[in-house]
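Per-entry structural report
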Amino acid sequence: MIGLLNVGSLVIGLIAWLLPVVGLMQSKKNDYIIWGLLSSLSLSACAIALIFQLYYQYHLVNIEDWSALMDTTGAVIFAATVLLVVTVLLNILTLIVFRKRLQIAR
């Protein structure tokens, strides 16, 4: 059951990346409510994916599997950083696209 935290984190992290891409693909439509919803869901999915990793690290500490903790912590930090940076950049990109659309529509 605990091993599913890693799989869940990966799947939810990918969802965090896909939601802004979907928003960008629908940028031709001037539906700003959908953009806000997709952006919020994307950032929330990123946070949930990171929390799953924290819970997994906490589990390793509880069972005192120090070797697994020492072996995986560097990769977890790198993956979490990539997930957060890419998610934020994708959401900033969608914000820029929708702001330009909003200025053109006025």
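Everything that follows concerns the structure shown earlier in this document.
Report on the accompanying structure. (Residues numbered from 1 in each chain as written. Predicted model: local features only at pLDDT ≥ 70, side-chain atom pairs only at ≥ 80, totals over all residues. Heavy atoms only, no water.)

**Side note on the packing of aromatic side chains**
Aromatic ring pairs are reported here in terms of the distance separating the ring centres and the angle at which the planes meet. Under the criterion given, the structure shown has 1 aromatic pair. Between Trp 35 and Phe 98, the aromatic rings sit 5.8 Å apart at their centres with planes inclined by 35°, giving tilted as the arrangement. Residue Trp 35 is located in helix H2 (residues 32-62), and its partner Phe 98 is located in helix H3 (residues 66-105); the two are separated by 63 residues in the primary sequence. In this structure Phe 98 comes out as buried when scored by relative accessible area, which is 4%. (Phe/Tyr/Trp six-rings, centres within 6.5 Å; stacked < 30°, edge-to-face > 60°. Helix = DSSP H or I, 4+ residues; strand = E, 2+ residues; numbered from the N terminus. Buried < 20%, exposed > 50% of the residue type's maximum accessible area, 1.4 Å probe, protein only.)

**Observations concerning unusual backbone geometry**
For Glu 64, which is not glycine, the phi torsion reads 55° and is therefore positive. By the element assignment, Glu 64 lies in the loop between H2 and H3.

**Points about the environment of Leu 93**
Note that Leu 93 resides in helix H3. C-alpha separation for the pair Leu 93 and Thr 73, spaced 20 residues apart in sequence, amounts to 30 Å.

**As for the nonpolar core**
Core analysis: the biggest nonpolar cluster contains 6 residues, these being Ile 12, Ala 16, Ala 45, Cys 46, Ala 49 and Leu 83. Of all the secondary-structure elements, those providing two or more residues to this core are helix H1 (4-25) and H2. Here the element with the most residues in this core is H2; it accounts for 3 residues. Every residue in contact with Ala 45, bar those within four places of it in the chain, is listed here: Ile 12 and Ala 16. In terms of nonpolar packing, the next biggest core, distinct from the first, is built from 5 residues, Leu 5, Tyr 56, Leu 60 and Ala 68 among them. (Core = buried A, V, L, I, M, F, W, Y, C linked by side-chain atoms within 4.5 Å. Contact = heavy atoms within 4.5 Å.)

**Brief notes about H1**
Taking 1.5 Å of rise per residue, the 22 residues of H1 would be expected to cover 32 Å, and the 31 Å separating its terminal C-alpha atoms lies within 8% of that figure. Taken together, the buried positions of H1 are Leu 5, Gly 8, Ser 9, Ile 12, Gly 13, Ala 16, Leu 19, Pro 20 and Gly 23. (Expected span 1.5 Å × (residues − 1).)

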